[in-house]
Structure formats: C-alpha cells, structure tokens
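Inside the fold
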Amino acid sequence: MIFGRNPVIELIKSGRSINKIFFAEGNHDGSIKKIFSMAKNAGIVCEIVNRAKLDKICEGGRHQGVAAMAAAVQYSTVEEILNFAESKNESPFIILLDELEDPHNFGAILRTADAVGVHGVIIPKRRSVQLNSTVAKTSAGAVEYVKVAQVVNVAQTLKKFHEMNLKIVGSDMSAEKNFSEVDLSGGIVLIIGSEGKGMRRLTRENCDLLVKIPMVGKINSLNASVAGAVLMYEIFRQR
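Residues numbered from 1 in each chain as written. Predicted model: local features only at pLDDT ≥ 70, side-chain atom pairs only at ≥ 80, totals over all residues. Heavy atoms only, no water.

Turning our attention to a nonpolar patch on the surface. Together, M173, M215, I219, L222 and V226 give the surface a local cluster of nonpolar side chains, amounting to about 420 Å² of exposed area. The topology assignment puts V226 in helix α9 (residues 224-238). (Patch = residues over 30% accessible without salt bridge, like charges linked within 9 Å, V, L, I, M, F, W, Y side chains within 5 Å. Areas by Shrake-Rupley, 256 points an atom, 1.4 Å probe, with all protein chains shown as cover. Salt bridge = Lys/Arg side-chain N within 4 Å of Asp/Glu carboxyl O. Helix = DSSP H or I, 4+ residues; strand = E, 2+ residues; numbered from the N terminus.)

Attention shifts here to the pairing of strand β2 (residues 18-24). Along β2, six of the seven residues are buried, which leaves the element largely enclosed by surrounding structure. Inspection of the sheet shows β2 paired to strand β4 (residues 66-70) by five bridges, in the antiparallel sense. Residue pairing for β4: K20 is matched across the bridge by M69. Looking at chain direction, β2 and strand β3 (residues 46-49) are connected through four bridges and run parallel. Residue pairing in the sheet places F23 in a bridge with I48 of β3. Regarding the hand of the β-α-β motif, the stretch spanning β2, helix α2 (residues 30-41) and β3 is right-handed. (Buried < 20%, exposed > 50% of the residue type's maximum accessible area, 1.4 Å probe, protein only. Pairing = 2+ DSSP bridges. Right-handed = clockwise from strand over helix to strand, strands pointing away.)

This paragraph deals with the packing of aromatic side chains. Throughout the structure, instances matching the rule amount to two aromatic pairs. On the numbers, 5.4 Å between centres and 65° between planes, the contact of F23 with F36 is edge-to-face. Of this pair, F23 sits in strand β2 while F36 is found in helix α2, placing the two residues 13 residues apart along the sequence. Taking 5.9 Å as the distance between ring centres and 90° as the angle between the ring planes, the aromatic pair formed by Y233 and F236 counts as edge-to-face. Within this pair, Y233 and its partner F236 are both found in helix α9, separated by three residues, close to a single helical turn. Residue classification places Y233 among the partly exposed positions, given a relative accessible area of 40%. (Phe/Tyr/Trp six-rings, centres within 6.5 Å; stacked < 30°, edge-to-face > 60°.)

As structure tokens, then:
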C-alpha cells in the first residue's frame, strides 16, 4: 500500500502497475481531483470508501484521503504473452481466470502454470483478485516467471483469440465430456471460473468446448486451483 497524496501521484507517474486506488468519500479538493483524473487517464480502477475503511487499509498511517494498492510485480500485456510463445516457437498456452477471488488459489495456479510451461495468465481488471503479496507468497516465486496480463473486456479478448484460431476451453462441471476425452493440443486458452459461481454466461458462450473433471465422491466440485492443475497437466501431456 502506498498512501499520501504526493506518494500516490509519483507512483502513477512512475508507470508501475497499480491494482486499485482508494479515495476517502467527501474529499474533493484540488490535489484529490488531480489524482483521480490521473488515475482515470491511466485506466486505473478507483474506489470511493469511507474514511474508517481507508484508515484500516493504511493501518493508521497518514493517508490524506488517498491510498494506492501497487501490484506485487509488473503486469504484462496480452501481446507480450503471445510474443513470448512465438519466441519459443510454441503454440500459445494461456490461462484465463474468470473473476477468481481467492489470492491463495491464484498463487497456486501460477505455481502450476510455471511447472507446465504456460505462456501467460489473463485476469479481468475488475471483480477479480489482483497480483498482491499473498498471491506472490503462495506462488512460491512463480509470480516472477509467469506473465500476468489484465484485460478490461474478457469477451472481446476471447473474440481476438478466436480470430487467431486458438481453441477456447472452459472448465464446467455440467459439461458432457470429460477432459481426457477431448483434443487439448495446439494453441489453447483454458478458462477457470470463479470459486462457487464458475464462468460467467458470456464467457461460457465464447468457449469452443466445455470439459469436466469426473468425480465419484460426495463433494460436487474441486478447489479452483486443484481443478486448474488437473486440466493444465492434461494439456501439458497432450502438448
């Protein structure tokens, strides 16, 4: 967390990846307006919170009505992920997390992604866990090696992948086919939905195929990072 007006202004100017900027409600003077405008121009997510919450976020520090949550590491772009795959002369292997919320799941997914040679992970800019210290710690260092990109519009990103003839595969417990019954080779985007809710409707509609992991126990779903690991290793095996 970076807080205080001048520190936040300099943080934005630096170009470092910022997950979100918090503003205290009712604070609209000149420098706050300037920071808000800079944040919007830079495409940074802004949230208005009450002062008590901002005090808690900053652990009692003198925040002057504004605080920024800087990313644990620098974000990449979708283009950088695709270029990385091309530089290795490999068909793209991409993971898209559709509104995943738990940083521990995110960190564990990054750890597996590094192990199986994923070229990059994509997350939505809003309503999703971001790169933070918990993710970095849980990933056991993988956050330094796996490229992570943020996108504003998941559906538009998937349409771009369709145009590139990448196979869009969604993990869904209601799917007809087991993951081991389908062709998961070649350029692929694997979508892992949020905990509990799974993929959003529009995301599901953009999938080329849906796969499920067979289960015979009493529990009807797996932890998102565990399900992701099973599917990533099957893709790795087929590749």
